[in-house]
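Report on the structure
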Amino acid sequence: MATYITTPIYYVNAMPHLGHAYTTLVADVYSRFRHLCGGEVYFQTGTDEHGEKIAEAADKAGESPRQYVDRIAAAFAAAWPLLAIRPDRIIRTTDPEHIRTVQDILQMVYDRGDIYFSEYTGLYCAGCERFLTAKELVDGKCPDHQVAPREISEQNYFFRMSAYQEWLIDHIRANPEFITPERYRNEVLSFLSEPLEDLCISRPTTRLTWGIPLPFDQNFVTYVWFDALINYLTGIGYPDGPDFEKYWPAAEHVIAKDILKPHAIYWPTMLRAIGLAPYRRLHVHGYWNVDATKMSKSLGNVVRPGELAAEYGVDTVRYFLLREMSFGLDSSFSSETIINRYNSDLANDLGNLFSRSLTMIGKYAAGSMPKRASAAVFTPEDHGLMSALSAMGSQYCEDMANFRFHKALQVLWEAISLLNRYIVVNAPWELAKNERQAERLKTVLSLLAESLWKITLALKPVMPETAAKMARALGMEAAFAGASIDEMLSWGGIPAGTTIHKGTQLFPRLERQEAGTPAADAKAESRAAQGKSGGRDGDKDSRKDAENVLDAALISLEQFKTVDLRVAEIVAAEKVNRSDRLLKLTVRAPEERTIVAGIARHYAPEDLPGRQVLIVANLKPAKLMGIASQGMLLAAKEQPPDGPERLVLTTVSGPVAPGSRVA
Ligand code: MSP
């Protein structure tokens, strides 16, 4: 099946920022995913260049509208390669071909009687470029632009949108996938439960000339949405271009929630009036905020795609944006969250798994893909790994196909953890010590390599550069370009004997860390020891050394998660006979348990009941002075230079239910 994926065409009154980048990235990832599935794909983005606010912005910039739109449209086109976004077409509403298409459609709909002339008084929001209903206002203002709309009364042309209201409701009800996620479908249905007004589609040339002249009345230009939405048809050669039949009605539009109504209501009713089938799906996402605040020029917190890519690397930004935002909900961007994701998901989980596995294949199989034994001798772990990875492959495909990108990546990272566990359980370094385990070792290493190939393919749409690096290291460079998703779902992809290269470091640790974190302190120490000031341009060897120190000191998230940290409430405390160091505590976490703690020199037993403390709940029980201790209390140990050691119990900053996990 062919796929036609589009983004909104962006207004050229602002430079491209994180929000535009996200939508366009989503379309790019989906396009690459569909390519991987073997279908024909057409991916279109573009710029919306007519209308009042563009004319005003040009005026402000002291340029003619034409000069101005050319300059900003070029900035949008130049932004996409910075994030490895590869549209098939970048359309502009000032393209002569588009102007012709809009005029042809206007004439046709006019001739059919669905455009009429009338007087109208309404509340117009220049930011939205549309009339708002009184119900849409919050405290008398447009909720998106925070300005009171202007009351405008003038004669204009209208599209008879109301005539299609019942049809649209039926269509949305009959096609649950038409608008997704579901919350937006419900929002549209709720809006449609009230009578729909007709849509004003023109502006008198006395007020605005920067638009497309109506073919049936030269005193008017078309109103922005009737111009802009039609880009989706122009781009694929409506009405009779060779691609039109292939890609319509396969169209899938990606937008944010700000332009839901034009896409979910105006556009399908316009298509109906034109005599075309509705698009296939509308995918609606939430807003990106920055540090939990709205992105805005006046706040000076606008994030630019090029700066992001330069700071963190293209693939990191791509991964982060898709992983962090639950498609449909708002998300907040901050440097901390991107650095954390980089260090934990990319450097630690994926990067370590990859380099560790390839190093073992280098060491124990001379860098050549081992021939694995027949399935008859597979262990339960092998079968478990294979069926889990196959199930994850199918889940990944389903999530990607349905715009649940964060979930698809979650599933992939579960596979990565599974592989890390598979390594620990099968301990290839132990197998390598025993001649009789040679066959077993080959099977383990080959299953690992094959699993990494599947992960490479799954990452291809999201992190194309990283996936290409992984494919090269796995000796699968030639197969990579034309590889299909089927290889992710079947086994036996890497032929035995393929050369596998070790030494590929996918994600060098990011230099910037918050001061005071163990990693930052370890780095600072390591640099100080070498008399270096650090920074990105520092000497490579010393940086490597510092990284080695860090890597040795770091644990993976998986390792950390094995520790069951909990809040416990002390219900009783007493001295332990014949010990001046130990107290026997009864705690609730939430079940009652006994913990023997070495705090008698620091706390009196009567001061403890009622306190909430942090404990390690899954420590193997140990007997102390004949008492079984089930867990360990956590305390800070202070050693002043000239005084006795102090122990201070840890706690939470407010009361919580005993037994709550600390993570
Ligand atoms: N020109 C119209 C769209 C016409 S489509 C036929 C328009 N342009 S816009 O420049 O305002 O772009 C709006 C779109 O930009 C949103 O729908 C979304 O795709 C993207 N984003 C702009 N700011 C955003 C965030 N802060 N967060 C996420 N996406 C946002 O409306």
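Residues numbered from 1 in each chain as written. Predicted model: local features only at pLDDT ≥ 70, side-chain atom pairs only at ≥ 80, totals over all residues. Heavy atoms only, no water.

With respect to the overall build of the protein chain
Of regular secondary structure, the protein chain possesses 23 helices and 25 strands. With respect to the principal axes defined by its C-alpha atoms, the protein chain has extents near 100 × 65 × 55 Å. Taking all 663 residues of the protein chain together, the buried fraction comes to 52%. In the protein chain, of all internal contacts separated by at least 6 residues, the share reaching a separation of at least 24 is 73%. With an accessible surface of roughly 29,700 Å², the protein chain has 51% of that area assigned to carbon and sulfur atoms. Side-chain charges in the protein chain split into 73 positive and 81 negative, and the spacing between the mean points of these groups amounts to 7 Å. (Helix = DSSP H or I, 4+ residues; strand = E, 2+ residues; numbered from the N terminus. Buried < 20%, exposed > 50% of the residue type's maximum accessible area, 1.4 Å probe, protein only. Contact = heavy atoms within 4.5 Å. Areas by Shrake-Rupley, 256 points an atom, 1.4 Å probe, with all protein chains shown as cover. Lys, Arg positive; Asp, Glu negative; His and termini not counted. Charge placed at Lys NZ, Arg CZ, Asp CG, Glu CD.)

Observations regarding the sheet that holds strand 16 (residues 331-333)
As a general point, the strands of a sheet are linked pairwise by backbone hydrogen bonds and lie either parallel or antiparallel. Taken in spatial order, the three strands make up an open sheet running 15-14-16, and their pairing is mixed. At either margin of the open sheet sits one strand with a lone partner, and together these are strand 15 (293-294) and strand 16. By the bridge criterion, three bridges tie strand 14 (residues 288-290) to strand 16 in an arrangement that is parallel. Bridging from a neighbouring strand, Asn-289 pairs with Ser-332 of strand 16. (Pairing = 2+ DSSP bridges.)

Considering the site of the ligand
Near the ligand there are 23 residues, and of these Ile-9, Thr-23, Asp-48, Asp-258 and Trp-288 occur at the shortest range. In the environment of the ligand, a nitrogen atom lies 2.8 Å from a nitrogen or oxygen atom belonging to the backbone of Trp-288. Considered on its own, the ligand offers 680 Å² of accessible surface; in the complex 91% of this is hidden by protein. Elements represented by at least two residues in the shell around the ligand include exactly strand 1 (3-11), helix 1 (18-36), helix 7 (224-228) and helix 8 (231-234). In terms of residue count, the dominant contributor to the shell around the ligand is strand 1 (four residues). (Near = heavy atom within 4 Å. Polar contact = N/O pair within 3.5 Å; in protein donor to acceptor, adjacent residues only side chain to side chain.)

Brief notes about the confidence of the model for the protein chain
Within the protein chain, residue pLDDT values average 90, and 92% of them lie at 70 or more. The low-confidence segment residues 513-553 (pLDDT under 50) makes 38 contacts with residues lying over four places distant or belonging to another chain. (pLDDT = per-residue confidence, 0-100.)

A look at helix 18 (residues 464-473)
Taken as a whole, helix 18 has its buried residues at Pro-464, Thr-466, Ala-467, Met-470, Ala-471 and Ala-473. Residues of helix 18 that are buried in the fold lie against helix 1, helix 12 (314-324), helix 13 (335-364), helix 17 (438-459) and helix 19 (477-480). One or two residues past the end of helix 18 sits Gly-475, with phi positive at roughly 70 degrees.

Side note on the side chain of Asp-114
By the element assignment, Asp-114 lies in the loop between helix 4 (96-111) and strand 4 (115-125). Here Asp-114 falls in the buried class, since its relative accessible area comes to 10%. Within the local environment of Asp-114, its side chain forms a polar contact with the side chain of Tyr-164, the two groups lying 2.2 Å apart.

Details of the environment of Val-109
Mapped onto the secondary structure, Val-109 falls in helix 4. Taking the C-alpha atoms as reference points, Val-109 and Arg-281, 172 residues apart in sequence, are found 24 Å from one another. In contact with Val-109, other than residues within four places in its own chain, are Asp-114, Ile-115, Phe-159, Ala-273 and Ile-274.

A look at helix 6 (residues 182-191)
When we look at burial in helix 6, the residues that qualify are Tyr-184, Arg-185, Val-188 and Leu-189. For helix 6, the buried positions fall inside an angular range of 140 degrees around the axis, keeping them on one side. Those residues of helix 6 hidden inside the fold are in contact with helix 5 (165-174), strand 7 (179-180), helix 10 (260-274) and strand 13 (281-285). (Arc of directions from axis to C-beta.)

Digging into unusual backbone geometry
Note the cis peptide between Trp-248 and Pro-249, where omega equals 10 degrees. Relative to the helices and strands, Pro-249 is located in the loop between helix 9 (242-247) and strand 12 (251-256). The step from Ala-589 to Pro-590 runs through a cis peptide bond, and the omega angle for that step is -10 degrees. Assignment of secondary structure puts Pro-590 in the loop between strand 18 (583-588) and strand 19 (592-597). Despite not being glycine, Ala-427 has its phi angle at roughly 35 degrees, a positive value. Its place among the elements puts Ala-427 in the loop between helix 15 (405-426) and helix 16 (428-431). Look at Ala-427 and you get buried, because its relative accessible area is 11%.

Section: the sheet that holds strand 8 (residues 199-200)
Reading across from one edge, 5-4-6-8 is the order of the four strands in this open sheet, with antiparallel pairing throughout. Since the sheet does not close on itself, it has two edges, and those belong to strand 5 (130-132) and strand 8, each with one partner. Relative to strand 6 (residues 150-159), strand 4 runs antiparallel, the two being bridged by ten bridges. Directly across from Ile-115, in strand 6, lies its bridge partner Phe-159. Sheet strands touched by helix 10: strand 5, strand 6 and strand 8. Its angle to strand 6, the strand with the most contacts, is close to 30 degrees. (Axes fitted to C-alpha atoms, helices over the stretch in contact; angles between N-to-C directions.)

Description of the environment of Lys-469
If you trace the backbone, Lys-469 turns up in helix 18. C-alpha of Lys-469 to C-alpha of Thr-456: the two residues are 13 residues apart in sequence and 9.0 Å apart in space. If we skip the residues at most four places from it in the chain, Lys-469 touches Thr-504, Gln-505 and Leu-506.

Some words on the state of the cysteines
Between two cysteines, a covalent bond joining their sulfur atoms is known as a disulfide. Scanning all chains against the criterion turns up zero disulfides. In this model Cys-37 remains outside any disulfide bridge; the closest cysteine sulfur is found in Cys-397, 5.7 Å from its own. Take Cys-125: it sits in no disulfide, and the sulfur closest to it among the cysteines is that of Cys-128, at 3.8 Å. Owing to a relative accessible area of 1%, Cys-125 belongs among the buried residues under this scheme. (Disulfide = S-S within 2.5 Å.)

Let's talk about the pattern of salt bridges
Pairing between side chains becomes possible if they bear opposite charge and their charged atoms approach one another. Enumeration according to the criterion identifies 37 salt bridges in this entry. In this structure, the salt-bridge partner of Asp-28 is Arg-318, at a minimum N-O distance of 2.7 Å. With Asp-28 in helix 1 and Arg-318 in helix 12, the pair connects residues that are 290 residues apart, well separated along the chain. For Arg-130, the salt bridge identified is with Glu-136, shortest N-O distance 2.9 Å. Judged by relative accessible area, Arg-130 falls into the buried class, the value being 9%. Residues participating in the shared-partner salt-bridge network are Glu-52, Arg-150, Glu-154, Arg-203 and Arg-207. (Salt bridge = Lys/Arg side-chain N within 4 Å of Asp/Glu carboxyl O.)

Describing the packing of aromatic side chains
Within the structure shown, the criterion is met by 33 aromatic pairs. Here Tyr-10 and Phe-76 contribute two aromatic rings whose centre-to-centre distance is 5.7 Å and whose plane-to-plane angle is 15 degrees, an arrangement assigned as stacked. Residue Tyr-10 is found in strand 1, and its partner Phe-76 is found in helix 3 (residues 65-79); the two are separated by 66 residues along the sequence. Plain terms: the ring middles of Tyr-10 and Trp-80 are 6.1 Å apart, the flat faces sit at 50 degrees to each other, and that makes the pair tilted. (Phe/Tyr/Trp six-rings, centres within 6.5 Å; stacked < 30°, edge-to-face > 60°.)

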